[in-house]
Amino acid sequence: PWTSPIPRCIRARTCWTGNANRSTLSPMSFDDLLAPLSHVPLFAGLQMAQLTEIARRGEKLRYLPGDVLMRAGQTGDAAYVVLSGGVDSVGSSEAGAAEHVPPGSLLAEMAMFVEHIHTTTYVARERAYCLKLTRAQMHAQMMEDPALIEHFQHRITERVRRLAEQLRRMES
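Computed from a prediction, not measured in an experiment: that's the story for all the values here.

Engineer: So what about unusual backbone geometry? Which residues, and what values?
Structural biologist: Even without a glycine there, the phi angle at Ala108 is positive, about 60°. Among the structural elements, Ala108 can be located in the loop between strand E6 (106-107) and strand E7 (116-117).

Quick look at the structure:
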């Protein structure tokens, strides 16, 4: 088992664009970053300039099979957008079986906004590319563009309303 405190993906190949292993990596175009972001429900409705800035500030990471993106019980300071490849959530189902997380998924989204304890472990099933969006980066961008605060507040409030409605229907 891997026990190093520094994830293998960070030690060996942090950002697949512009590092020492550049020739062996598959760089993604900026469009390859924007397309998955534009399909994340939390980001739906943002202007292209806002999405571009989110993508620009994010850290591009490549994971190999078996690499852990985040571990349940650990404090998180970032969300991850799965850009491509295979990621599994481990131990999140009642049976404890691994569940596939498709590209375009946003993992640990609340960690972008507030201190967050991860409830699920995510592991790369195959080579995976992710965009890491840290709380510090998002807070800085929201300070520069207050419309983002309103956007996220609206999106999260809508989800809470839908959840409350589902709970009401279950009770009746």
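From this point on, the discussion continues.
Engineer: Lay out the environment of Leu46 in plain terms, naming residues and giving numbers.
Structural biologist: In this fold, Leu46 is placed in the loop between helix H2 (30-39) and helix H3 (48-57). Considered as a pair, Leu46 and His151 are 105 residues apart in the sequence and their alpha carbons are 7.7 Å apart. The residues touching Leu46, leaving out its near neighbours within four places in the chain, are Leu51, Ile54, Leu148 and His151.

Engineer: Outline the confidence of the model for the chain, supporting the account with residue identities and numerical values.
Structural biologist: Put simply, the chain has an average pLDDT of 82, and 81% of its residues get 70 or more. Confidence, expressed as mean pLDDT per element, reaches its minimum in the chain at helix H1 (residues 8-13) with 37 and its maximum at helix H4 (residues 135-144) with 96. Per-residue pLDDT stays below 50 along residues 1-26; that stretch engages in 44 contacts with residues further than four places along the chain or on separate chains.

Engineer: Help me get a handle on the side chain of Thr121, residues and values and all.
Structural biologist: Its location among the elements puts Thr121 in strand E8 (residues 121-134). The class for Thr121 is buried, based on a relative accessible area of 13%. Engagement of the side chain of Thr121 in a polar contact is seen with the backbone nitrogen of Ala72, the distance being 2.9 Å. Leave out the neighbours within four places in its chain, and Thr121 touches Val68, Met70, Arg71, Ala72, Asp88, Ser89 and Val90.

About the criteria used
- Residues numbered from 1 in each chain as written.
- Predicted model: local features only at pLDDT ≥ 70, side-chain atom pairs only at ≥ 80, totals over all residues.
- Heavy atoms only, no water.
- Helix = DSSP H or I, 4+ residues; strand = E, 2+ residues; numbered from the N terminus.
- Contact = heavy atoms within 4.5 Å.
- pLDDT = per-residue confidence, 0-100.
- Buried < 20%, exposed > 50% of the residue type's maximum accessible area, 1.4 Å probe, protein only.
- Polar contact = N/O pair within 3.5 Å; in protein donor to acceptor, adjacent residues only side chain to side chain.

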